[in-house]
Amino acid sequence: MTARDEVLGRIRTALDGDSGGGAHPPGDPSSAGYRTRGGLDPAALLDLLAERLIDYHSHVRRTGPAQLLDTVRAALADRGARRVVVPPGLDLPELGKPAPGQPGPGQPGPGQPGTLDGVELITDGGLSAQELDQMDGVITRAAVAIAETGTIVLDAGPGQGRRALSLIPDYHLCLIDADQVVALVPEAVARLRPDRPLTWISGPSATSDIELDRVEGVHGPRTLEVILIS
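Criteria and cut-off values
- Within each chain, residues carry numbers counting from 1 in the order of the written sequence.
- Owing to the predicted nature of the model, reporting of local features is limited to residues with pLDDT of at least 70; listing and counting of side-chain atom pairs is limited to 80 or more, with chain, interface and lining totals taken over all residues.
- Side-chain figures throughout are based on the complete set of non-hydrogen atoms in the structure, without hydrogens or water.
- A 1.4 Å probe rolled over the protein chains alone gives each residue an accessible area, and that area as a share of the maximum for its type sets the label: buried under 20%, exposed over 50%, partly exposed in between.
- Helix numbers and strand numbers start at the N terminus; a helix is a DSSP run of H or I with at least 4 residues, a strand a run of E with at least 2.
- A strand pair is defined by DSSP finding two or more bridges across the two strands.
- On a scale of 0 to 100, pLDDT captures the predictor's confidence in every residue.
- In this description, contact between two residues means that some pair of their heavy atoms is separated by no more than 4.5 Å.
- Like-charged residues within 9 Å of one another, or nonpolar side chains (Val, Leu, Ile, Met, Phe, Trp, Tyr) within 5 Å, are grouped into patches, provided each residue has over 30% relative accessible area and no salt bridge.
- The accessible surface values rely on the Shrake-Rupley method and a 1.4 Å probe; as for residues, cover is taken only from the protein chains in view.
- Salt bridge, as used here, is a side-chain nitrogen of Lys or Arg placed within 4 Å of a carboxyl oxygen of Asp or Glu.

**Q** Just checking my understanding: could you explain the pairing of strand β13 (residues 223-229) for this structure?
**A** On a regular strand, each side chain points to the face opposite its neighbour's, so the side chains alternate between the two faces of the sheet. The element β13 is largely enclosed, with a buried count of 7 among its 7 residues. Side-chain alternation along β13 places Thr223, Glu225, Ile227 and Ile229 on one buried face and Leu224, Val226 and Leu228 on a second face that is also buried. Where strand β1 (residues 59-63) and β13 come together, 5 bridges link them in parallel fashion. Residue pairing for β13: threonine 63 is matched across the bridge by isoleucine 229.

Here it is as structure tokens:
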């Protein structure tokens, strides 16, 4: 038997399922001994996700819901961002209000400018690739995050926007709630709809294809910053 025959034979067996009437239905990952659920508590999940993100050269901040807007302000200030695009439906508490002592509007309407402590916020209303490239960054939410792999998944839902928003600006600030964090990939897949445009992000974009030298910013933001909210 050739290696090809063996591989195809294993595929046929997996597709046919357990012909002996076993306990697992065809295609059930548990029939192959795969883990489908993690055993970490919520605090440990956040710790693991933060560790994995840092391993991938991402920046991580942790905050509570009441301090979220201040944390966003600090992240944008540290970045030196002046013009930032936000997707429609970004449910950032108090974003629509200026900071104490700061005049002017907060979150703008589609295609209209607003400000947050001097940072110009522009809600995406179909900005071109060239216009997005001129932005200093983007703020989005996420659909789910996977602690073990350090992966963030966007599905173009409210507060996430279209895929171009997370690919073109050089800086991506992503906000993740504690209840959006799962341990394993199967748990994330169970939360996602397959008919949504899914973007899986594991750290800033990078490649090591050429002589194993890591080059960041090849096919997306050079800098990924994550705020974990718990």
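We are not done yet, so read on.
**Q** Can you walk me through the sheet that holds strand β6 (residues 144-146) in this structure?
**A** The pairing of strands in a sheet comes from backbone hydrogen bonds and takes either a parallel or an antiparallel form. Within the open sheet, the 4 strands sit side by side as β9-β6-β7-β10. Their pairing is mixed. Pairing within the sheet leaves two strands with one partner each, and these edge strands are β9 (181-182) and β10 (199-201). By the bridge criterion, 3 bridges tie β6 to strand β7 (residues 151-154) in an arrangement that is antiparallel. Counted as the bridge partner of isoleucine 146 is threonine 151 from β7.

**Q** How should the confidence of the model for the chain be read in this particular structure?
**A** In regions of low pLDDT, the predicted coordinates are not meant to be interpreted in detail. In this model, the chain carries a mean pLDDT of 83, and residues with pLDDT of at least 70 account for 80%. Across residues 97-107 the pLDDT falls below 50, and counting only partners more than four positions away or on other chains, this stretch makes 20 contacts in the model.

**Q** Got a minute to help me understand a nonpolar patch on the surface in this structure?
**A** Together, Val7, Ile11 and Leu15 line one region of the surface with nonpolar side chains, adding up to about 300 Å² of accessible area. Take leucine 15: it is sitting in helix α1 (residues 3-16).

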